[in-house]
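# Structural overview
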Amino acid sequence: MGKDVIIACDFNSKAEVMEFLDKFKEEKPYVKIGMELFYGAGPDIVREIKARGHKIFLDLKLCDIPNTVKKSMKVLSNLDVDMCNLHAFGTKAMMEAAIEGLTRDDGTRPLLIAVTQLTSTSEERMQGELLINKPIDEVVMHYAKNAMEAGLDGVVCSPLEAGKVHTVCGEGFLTVTPGIRFADSSVGDQVRIMTPAEAKKIGSDYIVVGRPVTQAEDPVAAYRRCVAEFVD
Ligand code: C5P
């Protein structure tokens, strides 16, 4: 299971994402669809990209009462996504309800991954504003454990946390890691970054790569470089 490169298709419109995917003639990369594209283009964007043969990580980060999350996950499962996610903050009861909603009549379901703490939340804000009075690393690992106990498949985390997540939750618990940059590419707004090769060494299961591929002069070559460093 795992060891794949997921391209974050952070485009504003269906036309842009399709133009981007048209560049890939030989391979069918795993793609991440986020909120902007899903809310703007609607569920048909998922159906169309699936129909082209791509796997899809639908990054909608659900968080609501268990019954609402369960019913929403059922809709996503019927859309035939391969991976989706939620906030571990919503409690184990919510995560268990999510699994129930995702599980199809034949017992299959998409992978379900938890967000622990958003990387945009600093320890200072978490403690001062959200009144969670623990070190942020401890909170991230605790939420990862909750996700595992609720039956989820893994977490989204920084590649710098992937090794520790595996130590705490076991090697089979998936780590999906954004914050990936080539050694010679621009960092942009990401702070805690790793190269695809480093992410492989530390044990990430999936890397999520956006701008280093989508903004590259030759996106197919950039994608192949990620695969060569991370998978091959
Ligand atoms: O362009 P870049 O490689 O920075 O894109 C990373 C992708 O991963 C974006 O879609 C971003 O929203 C997402 N992401 C992240 N950090 C997280 C969770 C998701 O960068 N903690």
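The shown structure was predicted, so the numbers you read here are calculated from the model rather than taken from an experiment.

### Digging into the overall build of the chain
Counting its regular elements, the chain contains 11 helices and eight strands. Relative to its length of 232 residues, the chain is compact, with a C-alpha radius of gyration of 17 Å against a globular reference of 17 Å. Across its three principal directions, the C-alpha atoms of the chain cover 45 × 40 × 30 Å. The buried share of the chain, reckoned over its 232 residues, is 50%. Pairs at least 24 apart in sequence give 66% of the contacts found in the chain among residues at least 6 apart.

### Comments concerning the nonpolar core
In terms of nonpolar packing, the biggest core is built from 64 residues, with Ile33, Met73 and Leu86 touching the most fellow members. Looking at this core, the element that brings in the most residues is helix H7 (residues 136–149), giving seven residues. Beyond its immediate sequence surroundings of up to four residues, Ile33 is in contact with Phe38, Ile45, Val46, Ile49, Ile56, Phe57, Leu58 and Asp59. With 13 residues, the next largest nonpolar core counts Leu111, Ile113, Val176 and Val208 among its residues.

### Examining the environment of Gly151
Structurally, the position occupied by Gly151 is in the loop between H7 and strand E6 (154–156). A sequence separation of 55 residues divides Gly151 from Glu96, and the C-alpha atoms of the two residues are 6.9 Å apart. Ignoring sequence-local partners within four residues, the contact set of Gly151 consists of Ile99 and Arg109.

### Regarding the layout of surface pockets
Approximately 1000 Å³ is the volume attributed to the largest pocket. Around the largest pocket sit 39 residues that line it, and Thr119, Ser120, Pro178, Gly179 and Gln190 are the ones nearest its centre. Broken down by secondary-structure element, the contributors of at least two residues to the lining of the largest pocket are strand E3 (56–62), H7, helix H8 (159–169), strand E8 (206–209) and helix H10 (211–214). Residue composition of the lining of the largest pocket, grouped by class: 17 nonpolar, 12 polar and 10 charged. If you add up the space inside the second largest pocket, you get close to 190 Å³. Looking at the second largest pocket, the residues that line it are His87, Phe89, Thr116, Gln117, Leu118, Ser120, Thr121, Arg125, Glu129 and Leu130. Split by residue class, the lining of the second largest pocket holds three nonpolar, five polar and two charged.

### Focus on the site of the ligand
Residues in contact with the ligand, as listed here, are Ala8, Asp10, Lys32, Thr119, Pro178, Arg181, Gln190, Val208, Val209, Gly210, Arg211 and Pro212. Interatomic distance of 2.8 Å between a side-chain N/O atom of Asp10 and an oxygen atom of the ligand. At 2.8 Å from a nitrogen atom of the ligand is found a side-chain nitrogen or oxygen belonging to Thr119. The protein chains hide 80% of the 470 Å² of surface that the ligand would expose on its own. If you map the ligand onto the pockets, it falls in the largest pocket.

Parameters at a glance
- Residues numbered from 1 in each chain as written.
- Predicted model: local features only at pLDDT ≥ 70, side-chain atom pairs only at ≥ 80, totals over all residues.
- Heavy atoms only, no water.
- Helix = DSSP H or I, 4+ residues; strand = E, 2+ residues; numbered from the N terminus.
- Rg over C-alpha atoms; globule rule 2.2 N^0.38 Å.
- Buried < 20%, exposed > 50% of the residue type's maximum accessible area, 1.4 Å probe, protein only.
- Contact = heavy atoms within 4.5 Å.
- Core = buried A, V, L, I, M, F, W, Y, C linked by side-chain atoms within 4.5 Å.
- 1 Å grid on protein atoms, 1.4 Å probe; cavity = no way out; pocket = protein on both sides within 12 Å on 5 of 7 lines; lining within 4 Å.
- Points joined across faces, edges and corners; volume = space filled by probe spheres on them.
- Nonpolar A, V, L, I, M, F, W, Y, C, P; charged D, E, K, R; others polar.
- Near = heavy atom within 4 Å.
- Polar contact = N/O pair within 3.5 Å; in protein donor to acceptor, adjacent residues only side chain to side chain.
- Areas by Shrake-Rupley, 256 points an atom, 1.4 Å probe, with all protein chains shown as cover.
- Sits in = over half its atoms within 2 Å of the grid points.

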